[in-house]
Amino acid sequence: MSLLHVRRRDVLLGAGGFTLAQLVGCAGKPADTPATAKNAATVTPPPAVKPGLVLAYFGQFGVDENLMREGLAAALAKGADRADLYFEHKVTTYLTLEDGEVNRAYTAVDLGVGVRAVKGDQTGYGYTEELTVDAIRRAGQTAASVASGPARSAPAAFDVGPLPKRYTAKVPWDTVKADQRLPLLARIDAETRAADARIKKVRASMADDYGAILVVDHEGRVFEDVIPNTSLYVNCTAEDKGRRETNGHNVAARAGLEFYTDDRMARLIKEAARSTIVLFDSTPAPLGEMQVVLAPGASGILLHEAIGHGMEADFNRKNASIYADRINKPIAKPIVSIVDDGTIDFARGAINVDDEGNPAEKTVLVDKGTLATYLHDSISAKHYGVKSTGSGRRESFRHAPLPRMRATYMLPGPHTEEEIIKSVKKGVYCSKFTNGQVQIGAGDFTFYVKNGFLIEDGKLTKPVTDVNLIGNGPKVLEQVDMVANKLEFDEGGWTCGKAGQSVPVSLGMPAVRVASITVGGRKA
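S.K.: Sorry if this is basic, but what is going on with the side chain of R394 here?
M.R.: Among the structural elements, R394 can be located in the loop between β13 (392-393) and β14 (402-403). By relative accessible area, R394 is classed as buried at 4%. A polar contact of 3.2 Å, which involves the side chain of R394, links it to the backbone oxygen of H399. Those residues within four positions of R394 in sequence are excluded, and the remaining contacts are D84, Y86, Y125, D355, H399, A400, P401, Q501 and V503.

S.K.: Can you help me understand the nonpolar core in this one?
M.R.: Note on soluble globular proteins: their nonpolar side chains tend to be buried together. L294, F433, F445, L469 and L477 are the most contacted members of the largest nonpolar core, which has 48 residues in total. Tallying contributions element by element places helix α8 (residues 300-308) first for this core, with five residues. Sequence-distant contacts of L294, that is, excluding residues within four places in its chain, are made with S299, L302, C430, F433, L469, M509, P510, A511, V512 and V514. Ranked by size, the runner-up nonpolar core spans 30 residues in total, among them L55, M68, A73 and L214.

S.K.: Explanation requested: the packing of aromatic side chains in the structure shown.
M.R.: We describe a pair of aromatic rings using the distance from one ring centre to the other and the angle between the two ring planes. Throughout the structure, instances matching the rule amount to twelve aromatic pairs. When the ring of Y127 is compared with that of F397, the centres are 6.0 Å apart and the planes differ by 70°; the resulting orientation is edge-to-face. Pair noted here: Y127 is in strand β3 (residues 122-128) and F397 is in the loop between β13 and β14, with a separation of 270 residues, a long-range link. The pair formed by Y127 and F397 is uniform in burial state, with each residue classed as buried. Among the aromatic residues, those joined into a cluster by ring pairs are Y57, F58, F61 and F87. Its end group placed over the ring of Y167, R254 keeps NZ or CZ at 5.6 Å from the ring centre.

S.K.: How should I be thinking about the pattern of salt bridges in this particular structure?
M.R.: Two side chains carrying opposite charge are able to pair once their charged atoms lie near each other. Inspection of the entire model under this criterion finds 34 salt bridges. Measuring nitrogen to oxygen at the nearest pair gives 4.0 Å for the salt bridge that ties R69 to E65. Taken together, the positions of R69 and E65, both in helix α4 (residues 65-75) and four residues apart, correspond to about one turn of that helix. There is no split in this pair, since R69 and E65 are both buried. By sharing partners, the salt bridges in this structure join R82, D84, R116, E356 and R394 into a single network.

S.K.: I tried to follow α8 on my own but got confused; where do I start?
M.R.: One turn of the α-helix equals 3.6 residues, which is why residues spaced by three or four share an orientation. The buried fraction of α8 amounts to nine of the nine residues, a majority that puts the element mostly inside the structure. Every buried residue of α8 is accounted for by G300, I301, L302, L303, H304, E305, A306, I307 and G308.

S.K.: Sorry, what's going on with the environment of E130 here?
M.R.: With respect to the helices, strands and loops of the structure, E130 is situated in the loop between β3 and α5 (133-144). Of the residues examined, E130 reaches a relative accessible area of 38% and is grouped as partly exposed. In this structure the C-alpha to C-alpha distance between E130 and V113, which are 17 residues apart in sequence, comes to 7.9 Å.

S.K.: Quick question: what am I supposed to make of the packing of helix α6 (residues 178-195) against helix α7 (residues 262-277) here?
M.R.: Across the interface, α6 lies against α7 with an axial gap of 9 Å and an inter-helix angle of 45°. By the criterion of interaxial angle, the relationship of α6 to α7 is oblique. Note that α6 runs across α7; the crossing there is right-handed. Facing α6, whose interface residues are L184, R187, I188, E191, T192 and A195, α7 presents D262, M265, A266, L268, I269 and A273. Within the contact of α6 with α7, the residues separate by chemical class into eight nonpolar, one polar and three charged.

S.K.: Just checking my understanding: could you explain the environment of P504 for this structure?
M.R.: Here P504 lies in strand β23 (residues 501-509). Note: C-alpha distance between P504 and R406 (98 residues apart in sequence) is 7.6 Å. Among all residues touching P504, those that are not within four sequence positions of it are N229, R254, R348, G349, R393, W494 and T495.

Rules behind the numbers
Residues numbered from 1 in each chain as written. Predicted model: local features only at pLDDT ≥ 70, side-chain atom pairs only at ≥ 80, totals over all residues. Heavy atoms only, no water. Helix = DSSP H or I, 4+ residues; strand = E, 2+ residues; numbered from the N terminus. Buried < 20%, exposed > 50% of the residue type's maximum accessible area, 1.4 Å probe, protein only. Polar contact = N/O pair within 3.5 Å; in protein donor to acceptor, adjacent residues only side chain to side chain. Contact = heavy atoms within 4.5 Å. Core = buried A, V, L, I, M, F, W, Y, C linked by side-chain atoms within 4.5 Å. Phe/Tyr/Trp six-rings, centres within 6.5 Å; stacked < 30°, edge-to-face > 60°. Lys NZ or Arg CZ within 6 Å of the ring centre and 35° of its normal. Salt bridge = Lys/Arg side-chain N within 4 Å of Asp/Glu carboxyl O. Axes fitted to C-alpha atoms, helices over the stretch in contact; angles between N-to-C directions. Parallel < 35°, antiparallel > 145°, perpendicular 65-115°, else oblique. Left-handed = near helix turned anticlockwise from the far one by under 90°. Nonpolar A, V, L, I, M, F, W, Y, C, P; charged D, E, K, R; others polar.

Shape is all these values report; function is a separate question.
Quick look at the structure:
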């Protein structure tokens, strides 16, 4: 979803004088060097602890106190400031129905642990897919090479911390059979075709996964979190008088099978068909600088990509963001407040705890037009002398955490959407975006608008398509001069890409008016 021009890992490894191959190692490889072996011999044996910690989920894989202690001891063997283990188990099932036939179906199982050692702002990392003491110790030794100093002790005891229950599945995916999934896709195929005779092809894809993560850190904190996920995509192709149009819709959540209610399925089908058929009536949009109204919901992608990434603390710590010197300074009009929130029940971007073991929170990034804070993981929080915002996230056990967004949205403002549309003499109303490109640090962007309308004399008139919005995120934020009083979240399956890692996110917006933005596209 993003074009990334500054990659955190590249910078860190460069600063530390290590190559990726040196710092990222897998079990089974000869990770020990003579230097590491010598250092390992000097590690102070961890103090004896009373056995008894029983893990509700990862106990079935043999994960216990001894395994965790050995991994942390290896990661701390050369004096790292902190260390953590990130265990992950995930079973993903994917099913696609195209033109009424199953053309793709598989289940993938992933299990492993990542071991991280942090020294200053440098990260050493190793991972293994083998949950044995020897394999985890080797991964820990690889991670430990980021430091060079006397060993630190592993925790004497471990304490399992309580977690909120933001996404408990009523019908967990490990209990769902294939013959419960397939009827959902068959219904989509039949009802989408029935919605309009011009729809000739339907492709429905369903993905779901169940599993858990286990975060253990050098302080002995332990968090075990069971996480469900699901998404359902519908793409249709319609033909009319020799013209072909394709569009679709999708829904996603951290939930079980119960997520797919009759009402949600009906809305998914209706929106997929409607957003495709309306393209036959669409015309090219006017080109040039003009007022643009961003519709509620999916327009939050601009907020996420063109603005939100610039508020992730790692970019600011490296002076790669336009917001690097803007804390406590105005960056928008007072009607604009922006939040990143990991606490929304069942949202795709919700988390009970971040991937470093810090609690999720609702973080106000922009408060009435003033930049209030950045999104922090533990490394950036220490750098800035603030507490983590619970934003340390990673794609899997194969990756180190980075500051990442969760559910990013703008708070409601003082206007109604009707007032905003009525205020525009000539402009474009943008409602559905399908792709785009962003230079994260500077915020320069191009977004492709699949569905929208002309605004003429304060009214929505003709549908438009093939519209590109071109601009700079921070400057566009300054141009937001009307904000509607109703916030809507997009229900789709958004995935954020950064530094080669993908994580699920949510986003939302009230309708807003941008005083001036460049609209590109094709001429009529």
